[in-house]
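Observations on chain architecture
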Amino acid sequence: MTTNATKIFAGLVNLRIPLCAIAMIVCAIASAQDQPTDVVKLQIDSKAVLSRISPDFMGFGYETSAVAQSNFFSPKNVSMIQLYRNLSSHGLIRIGGIISDHTKYVPDGEPVAETQKGVTIINQHNLADLGGFARAVGWKVMWGLNLGTGSKEEAVQQALAVNAALGSSLQSFQIGNEVENLRHGYEAYHADYLDYKSGIRAALPGAPFSGPDSVGNLSYVTNFAATESRDMKLLTIHYYRGGAGNTNSTLKRLLQRDTNWDNRLGKVRQAAHENRLEYRVNEVNSFSGGGKPGVSDTLGAALWCLDYLFILASYDCEGVNMETDINQLGFISHYSPIVHDDVGHCSARPEYYAMLAFALAGKGELLKLTLEKTDFNISAYATRDAEGLLWLTLVNKDFARDASVETTLPEGYASAAAFRLSAPSMESKNQVTLAGAEVSADGTWTPGTPEKVMATNATVRLLVPHASAVLLQLRRN
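Only a predicted model underlies this, so the values are computations on that prediction, with no experimental measurement involved.

Time to look at the packing of aromatic side chains. If you walk through the whole model with that rule in mind, you get 26 aromatic pairs. Centre to centre, the rings of F60 and Y62 are 6.5 Å apart; their planes meet at 50°, and the pair counts as tilted. There is no split in this pair, since F60 and Y62 are both buried. Pairwise contacts between aromatic rings join F60, Y62, F72, F73, Y84, F133 and W139 into one cluster.

Moving on: the confidence of the model for the protein chain. Looking at the protein chain as a whole, its pLDDT mean stands at 93, while 92% of the residues score no less than 70. In this model residues 1-14 is a low-confidence stretch, pLDDT under 50, and it forms 17 contacts with partners more than four residues away in sequence or in other chains. Long-range and interchain partners of residues 30-35, a stretch whose pLDDT sits below 50, account for seven contacts in this model, where long-range means more than four residues apart.

A few words now on the pattern of salt bridges. Inspection of every chain in the model, using the stated rule, returns 20 salt bridges. In this structure, K397 engages D307 in a salt bridge whose closest nitrogen and oxygen atoms are separated by 2.8 Å. Of this pair, K397 sits in the loop between strand 16 (390-396) and strand 17 (403-408) while D307 is found in helix 10 (residues 299-314), placing the two residues 90 residues apart along the sequence. Accessibility assignment for this pair places K397 and D307 in one class, buried. A salt bridge links R420 to E451; its shortest N-O distance comes to 2.7 Å.

Mapped onto the fold, S229 is located in the loop between helix 7 (218-228) and strand 9 (235-243). Setting aside its immediate chain neighbours within four residues, S229 contacts F224, N275 and L277.

With respect to the element layout, T383 can be found in strand 15 (residues 378-384). The buried category is assigned to T383, whose relative accessible area is 0%. In terms of polar contacts, T383 uses its side chain to reach the backbone carbonyl oxygen of A361, at 2.5 Å. If we ignore the near neighbours within four places in the chain, the residues touching T383 are I53, F310, A361, K363, E365, L366, L367, L389, L390 and W391.

All right, on to the packing of helix 5 (residues 152-166) against helix 6 (residues 186-203) then. In the contact formed by helix 5 and helix 6, the axes pass within 9 Å of each other and the chain directions differ by 45°. In terms of orientation, helix 5 and helix 6 fall into the oblique class. In this structure, helix 5 crosses over helix 6, and the sense of that crossing is right-handed. Of helix 6, the residues touching helix 5 (which contributes K152, A155, V156, A159 and L160) are D195, Y196, G199, I200 and A203. Classifying every residue of the contact of helix 5 with helix 6 gives seven nonpolar, one polar and two charged.

End to end, helix 10 covers 23 Å across 16 residues, agreeing with the expected 22 Å (1.5 Å per residue, within 8%). Helix 10 sits mainly inside the fold: 15 of its 16 residues count as buried. Two to three positions downstream of the cap, the backbone nitrogen of G300 sits 3.3 Å from a side-chain oxygen, assigning the N-cap of helix 10 to T298. Looking one or two places after helix 10, you find D316, whose phi comes out positive at around 60°.

This paragraph deals with the pairing of strand 10 (residues 279-288). For strand 10, the tally of buried residues reaches nine of 10 residues, placing the bulk of the element in the interior. When strand 9 meets strand 10, the two strands line up parallel, connected through eight bridges. The partner of Y240 across the bridge, within strand 10, is N285. With three bridges joining them, strand 10 and strand 11 (residues 319-323) adopt parallel strand pairing. Note on strand 11: the bridge partner recorded for R280 is G319. Handedness of the strand 10-helix 10-strand 11 crossover: right-handed.

This paragraph deals with the sheet that holds strand 11. As summarised here, the arrangement of the eight strands in space is 7-6-3-2-11-10-9-8, forming an open sheet in which the pairing is parallel. Strands at the two margins of the open sheet, each flanked by one partner only, are strand 7 (170-175) and strand 8 (211-214). With direction set aside, neighbouring strand axes in the sheet form an average angle of 20°. Along the sheet, helix 5 contacts strand 6 (140-145) and strand 7; its crossing angle with strand 6, the most-contacted strand, is approximately 170°. Relative to strand 9, helix 7 is tilted by about 170°, and along the sheet it contacts strand 8 and strand 9.

The next subject is the state of the cysteines. On inspection of all chains with the given rule, the structure shows zero disulfides. With no disulfide of its own, C305 lies 13 Å from the sulfur of C317, the closest cysteine sulfur. Assessed through its relative accessible area of 0%, C305 is described here as buried.

Attention shifts here to the environment of A272. Counting through the fold element by element, A272 comes out in helix 9 (residues 259-274). Of the residues examined, A272 reaches a relative accessible area of 0% and is grouped as buried. Along the chain, A272 and E63 lie 209 residues apart, while their C-alpha atoms are 26 Å from each other. A272 has contacts with L235, L277 and Y279, leaving out every residue within four places of it along the chain.

Among the nonpolar cores identified, the biggest contains 119 residues, and Y62, F73, Y84, W143 and F173 are the most heavily contacted of them. A total of 13 residues in this core trace back to one element, the largest contributor, which is helix 10. Once residues lying within four places of it in the same chain are set aside, the contact partners of Y62 are F72, F73, M80, Y84, I93, R94, I95, G96, G97, E323, T324 and D325. The next biggest cluster of nonpolar side chains, apart from the first, holds 25 residues, and it includes V40, F376, L462 and V470.

Rules used throughout
- Residues numbered from 1 in each chain as written.
- Predicted model: local features only at pLDDT ≥ 70, side-chain atom pairs only at ≥ 80, totals over all residues.
- Heavy atoms only, no water.
- Phe/Tyr/Trp six-rings, centres within 6.5 Å; stacked < 30°, edge-to-face > 60°.
- Buried < 20%, exposed > 50% of the residue type's maximum accessible area, 1.4 Å probe, protein only.
- pLDDT = per-residue confidence, 0-100.
- Contact = heavy atoms within 4.5 Å.
- Salt bridge = Lys/Arg side-chain N within 4 Å of Asp/Glu carboxyl O.
- Helix = DSSP H or I, 4+ residues; strand = E, 2+ residues; numbered from the N terminus.
- Polar contact = N/O pair within 3.5 Å; in protein donor to acceptor, adjacent residues only side chain to side chain.
- Axes fitted to C-alpha atoms, helices over the stretch in contact; angles between N-to-C directions.
- Parallel < 35°, antiparallel > 145°, perpendicular 65-115°, else oblique.
- Left-handed = near helix turned anticlockwise from the far one by under 90°.
- Nonpolar A, V, L, I, M, F, W, Y, C, P; charged D, E, K, R; others polar.
- Expected span 1.5 Å × (residues − 1).
- Pairing = 2+ DSSP bridges.
- Right-handed = clockwise from strand over helix to strand, strands pointing away.
- Disulfide = S-S within 2.5 Å.
- Core = buried A, V, L, I, M, F, W, Y, C linked by side-chain atoms within 4.5 Å.

So this is what it looks like as C-alpha coordinates:
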(Lines give C-alpha, C1' and ligand atoms only; values in the text may rest on other atoms or scores of the structure.)
Protein backbone atom coordinates (compact mmCIF):
# COMPACT_ATOMS: atom_id res chain seq x y z
CA MET A 1 0.00 0.00 0.00
CA THR A 2 1.41 3.43 -0.90
CA THR A 3 2.06 6.08 1.75
CA ASN A 4 -0.91 8.17 0.58
CA ALA A 5 -3.19 5.15 0.56
CA THR A 6 -2.10 4.30 4.11
CA LYS A 7 -2.97 7.81 5.30
CA ILE A 8 -6.36 7.61 3.59
CA PHE A 9 -7.02 4.22 5.20
CA ALA A 10 -6.35 5.64 8.67
CA GLY A 11 -8.60 8.62 8.02
CA LEU A 12 -11.49 6.46 6.84
CA VAL A 13 -11.17 4.20 9.89
CA ASN A 14 -11.51 7.26 12.11
CA LEU A 15 -14.75 8.09 10.26
CA ARG A 16 -16.06 4.58 11.14
CA ILE A 17 -16.67 3.63 7.54
CA PRO A 18 -17.11 -0.19 7.17
CA LEU A 19 -13.84 -2.03 6.48
CA CYS A 20 -15.10 -3.66 3.26
CA ALA A 21 -15.93 -0.22 1.85
CA ILE A 22 -12.58 1.17 3.03
CA ALA A 23 -10.68 -1.63 1.29
CA MET A 24 -12.47 -0.98 -2.01
CA ILE A 25 -11.89 2.79 -1.82
CA VAL A 26 -8.22 2.54 -0.86
CA CYS A 27 -7.46 -0.11 -3.51
CA ALA A 28 -9.12 2.04 -6.15
CA ILE A 29 -7.10 5.08 -5.09
CA ALA A 30 -3.86 3.10 -4.97
CA SER A 31 -4.57 1.72 -8.42
CA ALA A 32 -5.33 5.20 -9.70
CA GLN A 33 -1.92 6.36 -8.46
CA ASP A 34 -0.23 3.71 -10.59
CA GLN A 35 -2.09 4.37 -13.84
CA PRO A 36 -3.84 7.25 -15.58
CA THR A 37 -7.51 7.73 -14.72
CA ASP A 38 -9.90 8.91 -17.39
CA VAL A 39 -11.74 12.13 -16.52
CA VAL A 40 -15.42 12.22 -17.42
CA LYS A 41 -17.27 15.53 -17.12
CA LEU A 42 -21.02 15.92 -16.75
CA GLN A 43 -23.50 18.67 -16.05
CA ILE A 44 -26.85 18.44 -14.25
CA ASP A 45 -29.68 20.77 -15.20
CA SER A 46 -31.74 20.73 -12.02
CA LYS A 47 -34.43 22.92 -13.61
CA ALA A 48 -35.13 20.55 -16.53
CA VAL A 49 -37.41 17.65 -15.55
CA LEU A 50 -37.48 14.90 -18.19
CA SER A 51 -40.01 12.59 -16.54
CA ARG A 52 -41.37 11.44 -13.19
CA ILE A 53 -40.61 7.97 -11.91
CA SER A 54 -43.71 6.05 -10.87
CA PRO A 55 -43.94 5.25 -7.14
CA ASP A 56 -44.99 1.73 -8.27
CA PHE A 57 -41.95 1.32 -10.52
CA MET A 58 -40.46 -1.59 -8.60
CA GLY A 59 -41.63 -5.12 -9.34
CA PHE A 60 -40.88 -8.83 -9.56
CA GLY A 61 -42.14 -11.35 -12.09
CA TYR A 62 -42.80 -15.05 -11.43
CA GLU A 63 -43.94 -18.13 -13.28
CA THR A 64 -47.28 -19.33 -11.91
CA SER A 65 -45.49 -22.43 -10.60
CA ALA A 66 -43.94 -20.22 -7.89
CA VAL A 67 -47.41 -19.93 -6.32
CA ALA A 68 -47.67 -23.72 -6.10
CA GLN A 69 -44.50 -23.93 -3.97
CA SER A 70 -44.98 -24.38 -0.23
CA ASN A 71 -43.48 -21.90 2.26
CA PHE A 72 -42.86 -19.31 -0.45
CA PHE A 73 -45.62 -16.76 -1.05
CA SER A 74 -46.85 -16.64 2.49
CA PRO A 75 -47.42 -14.00 5.18
CA LYS A 76 -45.11 -16.18 7.32
CA ASN A 77 -42.15 -15.84 4.91
CA VAL A 78 -40.54 -13.05 6.92
CA SER A 79 -37.26 -12.99 5.01
CA MET A 80 -38.95 -12.39 1.65
CA ILE A 81 -41.33 -9.85 3.16
CA GLN A 82 -38.32 -7.92 4.46
CA LEU A 83 -36.55 -8.10 1.07
CA TYR A 84 -39.63 -6.57 -0.54
CA ARG A 85 -39.96 -3.88 2.11
CA ASN A 86 -36.35 -2.82 1.59
CA LEU A 87 -37.29 -1.84 -1.96
CA SER A 88 -40.68 -0.20 -1.60
CA SER A 89 -43.82 -0.02 0.45
CA HIS A 90 -45.79 -0.57 -2.77
CA GLY A 91 -44.93 -2.22 -6.07
CA LEU A 92 -46.24 -4.86 -8.48
CA ILE A 93 -45.93 -8.66 -8.43
CA ARG A 94 -46.57 -10.24 -11.81
CA ILE A 95 -47.67 -13.90 -11.77
CA GLY A 96 -47.72 -15.52 -15.21
CA GLY A 97 -45.01 -16.55 -17.64
CA ILE A 98 -45.06 -19.62 -19.83
CA ILE A 99 -46.35 -21.73 -16.94
CA SER A 100 -49.54 -19.65 -16.76
CA ASP A 101 -50.58 -21.31 -20.03
CA HIS A 102 -50.01 -24.74 -18.44
CA THR A 103 -51.75 -24.11 -15.10
CA LYS A 104 -55.04 -25.37 -13.72
CA TYR A 105 -56.87 -24.16 -10.64
CA VAL A 106 -58.24 -27.04 -8.54
CA PRO A 107 -59.77 -25.60 -5.32
CA ASP A 108 -59.00 -28.61 -3.10
CA GLY A 109 -56.33 -30.20 -5.28
CA GLU A 110 -52.76 -31.10 -4.36
CA PRO A 111 -50.46 -28.26 -5.51
CA VAL A 112 -47.89 -29.23 -8.14
CA ALA A 113 -45.13 -26.97 -9.50
CA GLU A 114 -44.34 -28.37 -12.95
CA THR A 115 -42.24 -27.40 -15.96
CA GLN A 116 -43.78 -26.26 -19.24
CA LYS A 117 -43.98 -29.93 -20.26
CA GLY A 118 -46.42 -30.73 -17.45
CA VAL A 119 -49.45 -29.23 -15.73
CA THR A 120 -49.02 -26.98 -12.71
CA ILE A 121 -51.79 -27.20 -10.11
CA ILE A 122 -52.66 -24.39 -7.74
CA ASN A 123 -55.35 -24.54 -5.10
CA GLN A 124 -57.40 -22.26 -2.88
CA HIS A 125 -54.82 -22.35 -0.09
CA ASN A 126 -52.02 -21.25 -2.47
CA LEU A 127 -54.06 -18.22 -3.52
CA ALA A 128 -54.92 -17.36 0.10
CA ASP A 129 -51.21 -17.41 0.95
CA LEU A 130 -50.43 -15.15 -2.01
CA GLY A 131 -53.12 -12.73 -0.88
CA GLY A 132 -51.71 -12.68 2.64
CA PHE A 133 -48.21 -12.06 1.32
CA ALA A 134 -49.37 -9.22 -0.95
CA ARG A 135 -51.14 -7.52 1.94
CA ALA A 136 -48.09 -7.97 4.20
CA VAL A 137 -45.80 -6.16 1.74
CA GLY A 138 -48.39 -3.69 0.43
CA TRP A 139 -47.80 -4.65 -3.22
CA LYS A 140 -50.45 -5.39 -5.84
CA VAL A 141 -50.62 -8.45 -8.13
CA MET A 142 -51.02 -8.81 -11.89
CA TRP A 143 -52.32 -12.32 -12.65
CA GLY A 144 -51.97 -14.23 -15.95
CA LEU A 145 -54.79 -16.55 -17.06
CA ASN A 146 -54.42 -19.69 -19.17
CA LEU A 147 -55.08 -19.03 -22.85
CA GLY A 148 -52.68 -21.69 -24.12
CA THR A 149 -54.11 -24.99 -22.85
CA GLY A 150 -57.17 -23.93 -20.87
CA SER A 151 -60.75 -22.92 -21.62
CA LYS A 152 -62.81 -19.81 -21.07
CA GLU A 153 -64.80 -21.57 -18.37
CA GLU A 154 -61.62 -22.52 -16.50
CA ALA A 155 -60.34 -18.95 -16.82
CA VAL A 156 -63.56 -17.63 -15.30
CA GLN A 157 -63.25 -20.05 -12.36
CA GLN A 158 -59.62 -19.08 -11.80
CA ALA A 159 -60.35 -15.35 -12.07
CA LEU A 160 -63.09 -15.60 -9.44
CA ALA A 161 -60.78 -17.49 -7.08
CA VAL A 162 -57.89 -15.05 -7.58
CA ASN A 163 -60.17 -12.05 -7.04
CA ALA A 164 -61.60 -13.56 -3.85
CA ALA A 165 -58.12 -14.27 -2.45
CA LEU A 166 -56.47 -10.99 -3.44
CA GLY A 167 -59.30 -8.50 -3.04
CA SER A 168 -57.94 -4.96 -3.28
CA SER A 169 -54.43 -6.36 -3.90
CA LEU A 170 -55.46 -7.42 -7.42
CA GLN A 171 -54.07 -4.97 -9.98
CA SER A 172 -55.29 -6.66 -13.18
CA PHE A 173 -55.68 -9.87 -15.16
CA GLN A 174 -53.82 -10.81 -18.33
CA ILE A 175 -55.07 -13.38 -20.81
CA GLY A 176 -52.24 -15.50 -22.17
CA ASN A 177 -48.46 -15.13 -22.02
CA GLU A 178 -46.39 -14.00 -25.04
CA VAL A 179 -49.56 -14.24 -27.05
CA GLU A 180 -47.96 -14.07 -30.51
CA ASN A 181 -46.73 -17.61 -29.77
CA LEU A 182 -50.27 -18.77 -28.89
CA ARG A 183 -52.29 -17.30 -31.77
CA HIS A 184 -51.18 -16.63 -35.32
CA GLY A 185 -52.09 -13.06 -36.14
CA TYR A 186 -53.43 -10.31 -33.91
CA GLU A 187 -57.03 -10.73 -35.05
CA ALA A 188 -57.18 -14.37 -33.92
CA TYR A 189 -55.67 -13.48 -30.55
CA HIS A 190 -57.93 -10.47 -30.05
CA ALA A 191 -61.06 -12.48 -30.81
CA ASP A 192 -60.15 -15.03 -28.13
CA TYR A 193 -59.18 -12.24 -25.74
CA LEU A 194 -62.60 -10.61 -26.11
CA ASP A 195 -64.30 -13.98 -25.64
CA TYR A 196 -62.43 -14.68 -22.41
CA LYS A 197 -62.92 -11.13 -21.15
CA SER A 198 -66.66 -11.19 -21.74
CA GLY A 199 -66.95 -14.47 -19.86
CA ILE A 200 -65.00 -13.15 -16.91
CA ARG A 201 -66.90 -9.85 -16.86
CA ALA A 202 -70.21 -11.70 -16.80
CA ALA A 203 -69.13 -13.38 -13.57
CA LEU A 204 -66.97 -10.54 -12.23
CA PRO A 205 -68.20 -7.14 -13.42
CA GLY A 206 -65.52 -4.51 -13.45
CA ALA A 207 -62.63 -7.00 -13.58
CA PRO A 208 -59.47 -5.05 -14.64
CA PHE A 209 -57.28 -6.18 -17.54
CA SER A 210 -53.79 -5.49 -18.94
CA GLY A 211 -52.00 -6.78 -22.01
CA PRO A 212 -51.17 -7.98 -24.56
CA ASP A 213 -48.20 -9.54 -22.69
CA SER A 214 -46.12 -9.69 -25.85
CA VAL A 215 -42.56 -10.99 -26.08
CA GLY A 216 -41.73 -8.01 -28.25
CA ASN A 217 -43.97 -8.13 -31.34
CA LEU A 218 -44.72 -4.45 -31.77
CA SER A 219 -47.73 -5.04 -34.03
CA TYR A 220 -49.51 -6.86 -31.20
CA VAL A 221 -48.60 -4.10 -28.75
CA THR A 222 -49.68 -1.20 -30.96
CA ASN A 223 -52.87 -2.96 -32.08
CA PHE A 224 -53.80 -3.82 -28.51
CA ALA A 225 -53.21 -0.23 -27.44
CA ALA A 226 -55.50 1.01 -30.23
CA THR A 227 -58.31 -1.52 -29.72
CA GLU A 228 -58.31 -1.88 -25.91
CA SER A 229 -57.11 1.51 -24.65
CA ARG A 230 -60.47 2.41 -23.11
CA ASP A 231 -60.68 -0.78 -21.10
CA MET A 232 -57.26 -1.65 -19.73
CA LYS A 233 -54.87 -0.82 -16.91
CA LEU A 234 -51.42 -1.24 -18.48
CA LEU A 235 -49.85 -1.93 -21.85
CA THR A 236 -47.28 -4.72 -21.34
CA ILE A 237 -44.24 -6.08 -23.16
CA HIS A 238 -41.31 -8.40 -22.35
CA TYR A 239 -37.56 -8.07 -22.88
CA TYR A 240 -34.43 -10.23 -22.68
CA ARG A 241 -31.02 -9.32 -24.08
CA GLY A 242 -30.83 -12.73 -25.75
CA GLY A 243 -31.03 -16.45 -25.05
CA ALA A 244 -28.95 -18.18 -22.38
CA GLY A 245 -27.87 -20.90 -24.79
CA ASN A 246 -26.35 -18.47 -27.28
CA THR A 247 -22.54 -18.37 -27.25
CA ASN A 248 -22.89 -14.62 -27.79
CA SER A 249 -24.62 -14.19 -24.44
CA THR A 250 -21.63 -12.78 -22.59
CA LEU A 251 -21.08 -10.13 -19.95
CA LYS A 252 -19.47 -7.94 -22.60
CA ARG A 253 -22.60 -8.09 -24.73
CA LEU A 254 -24.90 -7.57 -21.75
CA LEU A 255 -23.05 -4.43 -20.73
CA GLN A 256 -23.21 -2.83 -24.17
CA ARG A 257 -26.25 -0.63 -24.88
CA ASP A 258 -28.96 -2.41 -26.91
CA THR A 259 -29.84 0.31 -29.42
CA ASN A 260 -32.42 -1.91 -31.15
CA TRP A 261 -34.33 -2.13 -27.88
CA ASP A 262 -34.08 1.64 -27.48
CA ASN A 263 -35.82 1.98 -30.83
CA ARG A 264 -38.60 -0.43 -29.82
CA LEU A 265 -39.03 1.28 -26.47
CA GLY A 266 -39.54 4.56 -28.28
CA LYS A 267 -42.33 3.02 -30.36
CA VAL A 268 -44.02 1.44 -27.35
CA ARG A 269 -43.87 4.78 -25.53
CA GLN A 270 -45.41 6.48 -28.55
CA ALA A 271 -48.24 3.94 -28.75
CA ALA A 272 -48.92 4.37 -25.04
CA HIS A 273 -48.92 8.17 -25.21
CA GLU A 274 -51.13 8.29 -28.29
CA ASN A 275 -53.71 6.13 -26.52
CA ARG A 276 -53.34 7.81 -23.12
CA LEU A 277 -51.96 4.67 -21.51
CA GLU A 278 -49.10 3.73 -19.26
CA TYR A 279 -46.87 0.82 -20.24
CA ARG A 280 -44.79 -1.63 -18.25
CA VAL A 281 -42.04 -4.11 -19.09
CA ASN A 282 -43.60 -6.82 -16.95
CA GLU A 283 -41.15 -9.63 -17.72
CA VAL A 284 -37.47 -8.88 -18.10
CA ASN A 285 -34.02 -10.09 -17.22
CA SER A 286 -30.62 -10.64 -18.78
CA PHE A 287 -30.83 -13.84 -20.87
CA SER A 288 -33.96 -15.97 -21.30
CA GLY A 289 -34.04 -19.63 -20.38
CA GLY A 290 -33.06 -19.02 -16.77
CA GLY A 291 -30.02 -16.88 -17.45
CA LYS A 292 -26.40 -17.85 -18.08
CA PRO A 293 -24.26 -18.99 -15.12
CA GLY A 294 -21.16 -16.87 -14.69
CA VAL A 295 -22.92 -13.99 -16.45
CA SER A 296 -26.46 -13.49 -15.17
CA ASP A 297 -25.52 -14.13 -11.53
CA THR A 298 -22.63 -11.65 -11.24
CA LEU A 299 -21.88 -8.08 -10.26
CA GLY A 300 -21.79 -7.33 -14.00
CA ALA A 301 -25.45 -8.33 -14.28
CA ALA A 302 -26.24 -6.07 -11.33
CA LEU A 303 -24.59 -3.13 -13.12
CA TRP A 304 -26.63 -3.95 -16.24
CA CYS A 305 -29.81 -4.11 -14.13
CA LEU A 306 -29.21 -0.74 -12.44
CA ASP A 307 -28.48 0.91 -15.78
CA TYR A 308 -31.51 -0.78 -17.39
CA LEU A 309 -33.91 0.42 -14.69
CA PHE A 310 -32.86 4.00 -15.36
CA ILE A 311 -33.10 3.49 -19.14
CA LEU A 312 -36.73 2.41 -18.72
CA ALA A 313 -37.46 5.37 -16.47
CA SER A 314 -35.99 7.68 -19.12
CA TYR A 315 -38.48 6.22 -21.63
CA ASP A 316 -41.46 7.04 -19.37
CA CYS A 317 -41.96 3.38 -18.47
CA GLU A 318 -44.41 2.93 -15.59
CA GLY A 319 -42.38 0.11 -14.09
CA VAL A 320 -40.54 -3.16 -14.42
CA ASN A 321 -40.95 -6.74 -13.21
CA MET A 322 -37.59 -8.43 -12.84
CA GLU A 323 -38.12 -12.13 -13.52
CA THR A 324 -37.08 -14.30 -10.59
CA ASP A 325 -37.28 -17.70 -8.87
CA ILE A 326 -38.35 -20.99 -10.47
CA ASN A 327 -38.59 -20.84 -14.27
CA GLN A 328 -40.47 -22.74 -16.95
CA LEU A 329 -37.66 -25.34 -17.03
CA GLY A 330 -38.08 -26.13 -13.34
CA PHE A 331 -34.99 -24.59 -11.71
CA ILE A 332 -34.34 -21.30 -9.94
CA SER A 333 -33.01 -18.95 -12.59
CA HIS A 334 -29.39 -17.81 -12.41
CA TYR A 335 -30.52 -14.20 -12.85
CA SER A 336 -32.89 -14.24 -9.87
CA PRO A 337 -32.58 -11.18 -7.61
CA ILE A 338 -34.06 -13.34 -4.81
CA VAL A 339 -33.47 -17.07 -4.29
CA HIS A 340 -34.81 -19.46 -1.67
CA ASP A 341 -33.91 -22.73 0.01
CA ASP A 342 -36.01 -25.86 0.61
CA VAL A 343 -37.90 -24.34 3.54
CA GLY A 344 -38.65 -21.11 1.67
CA HIS A 345 -36.07 -18.87 3.38
CA CYS A 346 -35.03 -16.18 0.92
CA SER A 347 -31.74 -14.40 0.29
CA ALA A 348 -30.42 -11.69 -2.03
CA ARG A 349 -28.29 -12.21 -5.14
CA PRO A 350 -26.35 -9.58 -7.18
CA GLU A 351 -29.31 -8.15 -9.12
CA TYR A 352 -31.13 -7.47 -5.87
CA TYR A 353 -28.43 -4.95 -4.97
CA ALA A 354 -29.11 -3.12 -8.24
CA MET A 355 -32.80 -2.90 -7.33
CA LEU A 356 -31.83 -1.72 -3.85
CA ALA A 357 -29.63 1.00 -5.38
CA PHE A 358 -32.49 2.11 -7.63
CA ALA A 359 -34.79 2.15 -4.60
CA LEU A 360 -32.45 4.74 -3.08
CA ALA A 361 -31.78 6.94 -6.08
CA GLY A 362 -34.56 6.17 -8.56
CA LYS A 363 -37.34 8.23 -7.01
CA GLY A 364 -39.15 11.42 -7.92
CA GLU A 365 -38.06 13.44 -10.93
CA LEU A 366 -35.59 12.36 -13.61
CA LEU A 367 -33.52 15.41 -14.51
CA LYS A 368 -31.64 16.43 -17.64
CA LEU A 369 -28.00 15.45 -17.56
CA THR A 370 -25.31 16.16 -20.16
CA LEU A 371 -22.45 13.67 -20.28
CA GLU A 372 -19.29 14.71 -22.09
CA LYS A 373 -18.77 12.65 -25.22
CA THR A 374 -16.50 9.75 -24.37
CA ASP A 375 -15.69 6.21 -25.47
CA PHE A 376 -15.98 5.21 -21.84
CA ASN A 377 -18.64 2.60 -21.00
CA ILE A 378 -20.23 4.69 -18.28
CA SER A 379 -23.84 5.76 -17.71
CA ALA A 380 -25.07 8.66 -15.61
CA TYR A 381 -28.53 9.69 -14.38
CA ALA A 382 -29.77 12.50 -12.15
CA THR A 383 -32.92 12.43 -10.01
CA ARG A 384 -34.54 14.60 -7.36
CA ASP A 385 -36.70 13.04 -4.67
CA ALA A 386 -39.65 14.49 -2.75
CA GLU A 387 -37.37 15.77 0.01
CA GLY A 388 -35.32 17.79 -2.46
CA LEU A 389 -32.30 15.50 -2.33
CA LEU A 390 -30.56 15.27 -5.67
CA TRP A 391 -29.03 11.91 -6.63
CA LEU A 392 -26.40 11.33 -9.30
CA THR A 393 -26.12 7.66 -10.28
CA LEU A 394 -22.90 6.65 -12.04
CA VAL A 395 -22.53 3.13 -13.51
CA ASN A 396 -19.02 2.24 -14.70
CA LYS A 397 -19.46 -0.85 -16.88
CA ASP A 398 -15.87 -0.81 -18.11
CA PHE A 399 -13.89 -3.98 -17.41
CA ALA A 400 -10.56 -2.21 -16.80
CA ARG A 401 -10.68 1.59 -16.72
CA ASP A 402 -11.44 3.66 -13.66
CA ALA A 403 -13.16 6.99 -14.15
CA SER A 404 -12.74 10.29 -12.39
CA VAL A 405 -16.13 11.96 -12.72
CA GLU A 406 -16.30 15.73 -12.42
CA THR A 407 -19.45 17.80 -12.07
CA THR A 408 -20.47 21.25 -10.92
CA LEU A 409 -22.93 21.33 -8.06
CA PRO A 410 -26.31 22.72 -9.13
CA GLU A 411 -27.30 26.01 -7.58
CA GLY A 412 -28.39 25.62 -3.98
CA TYR A 413 -26.51 22.36 -3.37
CA ALA A 414 -23.38 22.38 -1.23
CA SER A 415 -22.51 18.94 0.19
CA ALA A 416 -22.18 15.43 -1.22
CA ALA A 417 -21.98 11.84 0.03
CA ALA A 418 -21.32 8.65 -1.92
CA PHE A 419 -22.91 5.19 -1.65
CA ARG A 420 -20.97 2.56 -3.62
CA LEU A 421 -22.17 -0.64 -5.30
CA SER A 422 -19.20 -2.96 -5.62
CA ALA A 423 -17.69 -6.45 -5.40
CA PRO A 424 -14.20 -7.92 -5.79
CA SER A 425 -14.61 -8.22 -9.58
CA MET A 426 -17.07 -7.93 -12.46
CA GLU A 427 -17.54 -11.72 -12.32
CA SER A 428 -18.18 -11.86 -8.56
CA LYS A 429 -21.25 -13.83 -7.52
CA ASN A 430 -20.81 -13.08 -3.83
CA GLN A 431 -19.47 -10.29 -1.61
CA VAL A 432 -21.59 -7.71 -3.40
CA THR A 433 -22.18 -4.69 -1.21
CA LEU A 434 -24.11 -1.44 -1.35
CA ALA A 435 -22.97 1.38 0.93
CA GLY A 436 -20.44 -1.04 2.40
CA ALA A 437 -23.07 -3.51 3.57
CA GLU A 438 -24.48 -6.85 2.48
CA VAL A 439 -28.10 -7.88 2.94
CA SER A 440 -28.35 -9.91 6.16
CA ALA A 441 -29.67 -13.46 6.44
CA ASP A 442 -32.98 -12.15 7.78
CA GLY A 443 -33.39 -9.88 4.73
CA THR A 444 -32.51 -6.62 6.46
CA TRP A 445 -30.02 -4.15 5.02
CA THR A 446 -28.29 -1.48 7.10
CA PRO A 447 -26.12 0.87 5.01
CA GLY A 448 -22.76 1.94 6.35
CA THR A 449 -21.75 5.54 6.87
CA PRO A 450 -21.71 7.24 3.45
CA GLU A 451 -18.41 8.48 2.10
CA LYS A 452 -18.08 12.26 2.33
CA VAL A 453 -17.17 13.91 -0.96
CA MET A 454 -15.54 17.33 -0.83
CA ALA A 455 -16.50 20.16 -3.18
CA THR A 456 -13.90 22.67 -4.37
CA ASN A 457 -15.21 25.87 -5.94
CA ALA A 458 -18.64 24.19 -6.26
CA THR A 459 -17.05 21.33 -8.24
CA VAL A 460 -17.04 17.69 -7.16
CA ARG A 461 -14.60 15.10 -8.47
CA LEU A 462 -15.31 11.48 -7.61
CA LEU A 463 -13.48 8.25 -8.41
CA VAL A 464 -15.73 5.58 -9.94
CA PRO A 465 -13.66 2.39 -10.26
CA HIS A 466 -14.25 0.00 -13.14
CA ALA A 467 -16.95 -2.61 -12.52
CA SER A 468 -18.77 -0.53 -9.93
CA ALA A 469 -21.48 2.06 -9.46
CA VAL A 470 -21.76 5.11 -7.23
CA LEU A 471 -24.85 6.91 -5.95
CA LEU A 472 -23.85 10.47 -5.17
CA GLN A 473 -26.29 12.23 -2.87
CA LEU A 474 -26.30 16.03 -3.11
CA ARG A 475 -27.77 18.10 -0.32
CA ARG A 476 -28.90 21.71 -0.21
CA ASN A 477 -27.19 24.43 1.82
